[in-house]
Amino acid sequence: MHTTTMGTESDPTATAARMRRVVLVGAGFSGTLTAIRLLQFATGPLEICLLEREEGYRYGGLAFGRAATNWEHMLNIQAGRITLRRERPEDFLEWANAEADRSAWPLKWQYHTFGVACVVPRRIFSQYLAERLRGAVADARADVTLRELSGETIDVRATGHGGYVVKYADTTCESAGVHELAADQLILATGHLAPVQAPFYHRIRGHQRFIADPYAPDAQQRFKEVGAEETVLVTGSALSAFDTVVSLVHSGHRGQILICSRGGHMHDTYPVDHEHDIWQARRPPFLDAAELTPDVVVEGVTAEFAHLRAEHGEGVPDAIFAERVMKAWEPYVIELISRMDAGDVRALLDRYKSLIVTHRTSTVREIGGVVRDRMRGFNGAPQTVHTISAAIQDMRPAEDGTKIRVVFADRPDAVVDRVVNCLGNNTDYEHTGNPLWTGLVRQHRYARPQTTTHRGIEVGAHGQLIGADGAVTDGLFCVGPMRQGDETTRRGRLGAFVFSIGTLRNQCFDTAMEVLRRMDENTPHEVRIPEDVHHCLVRSTDWIVADLVPPLPDRDAARLRERLLAHARERAYPATLDYLHAVDRTSRDKYRSVRADELADFTVAVAREFSLTDEQARRLVSLLTTLVEKHAVHNLCDITQLARWDSPYAEQVKHAPKRES
């Protein structure tokens, strides 16, 4: 399906005379899934351009792309939870068991039947993305098209006419050079920044025995070059370290692997019969403190964790208990962060990063067992994986450059054959080393680093970039890891869950629908809808009536609110869910037509009943339609609404008020 349709726009600013266009920068997981959603729900002429710099990352990115994985790399989540469509949990299982082309799969998987609790090779998930994209293209309207382009985006600039120009460098033989592409709406899906380069790497950065990025396009080849008996030092102990061990073992490595981190924290391994669950937990008492200092927070979290362990943790393995508590605490993380000094928040996240990451999720046995079994050793199988809890001071070439000397702060030096950097990716968008993001943040000032956590960038509720002046940058969105700080402050997510499949799946759906709404001629664009009114239909209808000009008398306004709310709950919301759940375009068109007829009738009735002009009634119903759809998408994506649970702790959940962006 992949095409490389290239060429410079003859007039990149002349958007009015051509088909509307959305450009997605990045065709990994987030870019591909956002394109799928645009193809599914676009209702008017639209060209979607999917631009990717590295073909080995297409349809999968770092986590799932063929360049960064082999067939031994597994998803760290069960098959029943990895659907691309939140509204259809069975979608992946249906595809894998009935539709997938298995001709290129290893024999181990060719006859495998996937169940809800199965593990899944990442390469299968990449294929699932690619085939669902092809299906979305085939099912889209005739005037909705996809162009897949190859090249590295080097600059984005506003045109002054409400759009953007994307400048990208193509290095393919057929059309090498720098090109420009006009966009009405632009979605950045650029994935992770480059890996962290710690100061102690400075002497070995170019060394042939240093693997700076275990997910680089050539990394799997470099792992194959490691000698079977060589000693390898892995810096960092999170999931990327586990991936590195899997890569080494897959490449035939039998030697010693030293996993080094300052705290010595490592992911645990789920029990064989593990099932994901969401717990409910009381609001931690320390949140009642008048001032939340770092000491109060650390002491309070420690005490509450111990309380929950004593009260609810009997018989629950550590591998499950910690992550369930941290999931249940997400609403309280939001409150906590909203009340703390931003500098204190960053200090806590930095100090306890490793502890948070390793406790927020454990590993499936097919990942964790590869590491843990080699940490123990068995009869006839020596221990080959060791952990080192130590701070590294320096690394330098040793013994004619064939080895690397590692200098520790509080233990003897170690001489190893290879070093693999697994310290994670840079999250500081003020100092990225990435030309595109440097331009967006520093030169054009379309974006700014996330204010509270300084992880990722600041965004609005639907992923709109927030500029240096604090205002929304119209027409410029993002999906992916650059939103991790926002996921922490807005949704309380920590660790790998700031960019998990579920998190990114929600972002892609919500952002795609918002982009399509902004290009819909029937949506009243002159109105700024507050970010959070769609979370509640009551607030939505209150805001719509309050926004009506000229205002109605109080009695009529109250009746209008009741009328709108009743229609939203009884007719519009169920109809919208039917539309969003539809499996193909024919069904979507049917539900959309029914919904349009009902809205037309409702518009006439409201105009007559409340003596509104036709224009007032149309505008009012259009706003209601927009907010109901936003509400439906929000509910499909939001599974963390603890206050709605049937729980004795429900009344103790306190949602902090939304802060203005």
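What you are looking at is a predicted structure, and each value in this text was computed from that prediction instead of being measured.

About the thresholds
- Residues numbered from 1 in each chain as written.
- Predicted model: local features only at pLDDT ≥ 70, side-chain atom pairs only at ≥ 80, totals over all residues.
- Heavy atoms only, no water.
- Helix = DSSP H or I, 4+ residues; strand = E, 2+ residues; numbered from the N terminus.
- Rg over C-alpha atoms; globule rule 2.2 N^0.38 Å.
- Contact = heavy atoms within 4.5 Å.
- Areas by Shrake-Rupley, 256 points an atom, 1.4 Å probe, with all protein chains shown as cover.
- pLDDT = per-residue confidence, 0-100.
- Expected span 1.5 Å × (residues − 1).
- Buried < 20%, exposed > 50% of the residue type's maximum accessible area, 1.4 Å probe, protein only.
- Core = buried A, V, L, I, M, F, W, Y, C linked by side-chain atoms within 4.5 Å.
- Pairing = 2+ DSSP bridges.
- Axes fitted to C-alpha atoms, helices over the stretch in contact; angles between N-to-C directions.
- Parallel < 35°, antiparallel > 145°, perpendicular 65-115°, else oblique.
- Nonpolar A, V, L, I, M, F, W, Y, C, P; charged D, E, K, R; others polar.
- Salt bridge = Lys/Arg side-chain N within 4 Å of Asp/Glu carboxyl O.

A separate point is the overall build of the protein chain. Counting its regular elements, the protein chain contains 20 helices and 17 strands. The C-alpha atoms of the protein chain give 26 Å as radius of gyration, which agrees with the globular expectation for 661 residues (26 Å, within 12%). Seen through its principal axes, the protein chain has C-alpha atoms that stretch 85 × 65 × 50 Å. In the protein chain, 72% of the contacts between residues at least 6 apart in sequence involve partners at least 24 apart. A total accessible area of about 28,400 Å² is found for the protein chain, and carbon and sulfur atoms account for 50% of it.

Summarising the model, the protein chain shows a mean pLDDT of 90, and 92% of its residues fall at 70 or more. For the stretch residues 1-17, pLDDT sits under 50, and the model shows 42 contacts to residues farther than four places along the chain or on other chains. Scored below 50 in pLDDT, residues 640-661 makes 54 contacts in the model with residues more than four places away or belonging to other chains.

Between the first and last C-alpha of helix α7 (residues 239-250) there are 16 Å, a value that for 12 residues agrees with the 16 Å anticipated at 1.5 Å per step. Across the 12 residues of α7, 9 count as buried, placing the element largely inside the fold. Of all the residues in α7, the buried ones are S240, A241, F242, D243, T244, V245, V246, S247 and L248. At its buried positions, α7 is contacted by α5 (122-139), α6 (219-224), β9 (232-235), β10 (257-261), α13 (365-376) and β15 (418-421).

Counting residues in hydrophobic clusters, the biggest one holds 112 residues, and the most contacted among them are F92 and F125. Looking at which element gives the most residues to this core, the answer is helix α20 (residues 614-637), with 10 residues. What F125 contacts, discounting residues up to four positions off in sequence, is F29, F64, L75, I82, L84 and I501. Y429, V459, L465 and C478 belong to the second largest nonpolar core, which has 27 residues in total.

On the basis of which strands lie adjacent, the open sheet formed by 5 strands has the order β8-β15-β9-β10-β11 and parallel pairing. If you trace the sheet from one side to the other, it starts and ends with β8 (210-211) and β11 (385-389), each paired once. As paired strands, β9 and β10 are joined by 4 bridges and run parallel to one another. Bridged to V232 within β10 is I257.

Another aspect to go through is the packing of helix α16 (residues 501-519) against α20. It is at 9 Å that the axes of α16 and α20 come closest, and there the two elements cross at 170°. Accordingly, the angle class assigned to the pair α16 and α20 is roughly antiparallel. Taking contact as the criterion, the partners of N506, F509, D510, M513, E514 and R517 in α16 are, on α20, T626, E629, K630, V633, L636 and C637. Residues of the contact of α16 with α20, tallied by class, amount to 5 nonpolar, 2 polar and 5 charged.

Across a sheet, paired strands are connected by hydrogen bonds in the backbone, their directions being either parallel or antiparallel. Taken in spatial order, the 6 strands of this open sheet run β3-β2-β1-β7-β17-β16, and their pairing is mixed. This sheet does not close on itself; its edge strands, each paired only once, are β3 (144-150) and β16 (464-466). Within the sheet, the average angular offset between the axes of one strand and its neighbour, ignoring direction, is 30°. For β16 and strand β17 (residues 472-478), the ladder comprises 2 bridges, and the chain directions are antiparallel. The residue bridging Q464 from the neighbouring strand is F477, located in β17. α16 rests against β1 (21-25), β2 (46-52), β7 (185-188), β16 and β17 of the sheet, and its axis sits at about 135° to β17.

The bulk of non-glycine residues show a negative phi, and the bulk of peptide bonds are trans. Although it is not a glycine, Y59 adopts a positive phi angle of roughly 70°. Here Y59 lies in the loop between β2 and α2 (61-64). The class for Y59 is buried, based on a relative accessible area of 12%. Positive phi, normally seen in glycine, also occurs at S611, with a value near 55°. Among the structural elements, S611 can be located in the loop between α19 (585-610) and α20. The class for S611 is exposed, based on a relative accessible area of 66%.

The final tally for this structure, using the stated rule, is 53 salt bridges. Notably, a salt bridge pairs R619 with D547, separated by 2.9 Å at the nearest N-O pair. In this pair, R619 sits in helix α20 while D547 sits in the loop between α17 (537-546) and α18 (554-581), placing the two residues 72 residues apart along the sequence. In the salt-bridge network here, residues are joined through shared partners; they are D474, E514, R517, R518, R595, E629 and K630.

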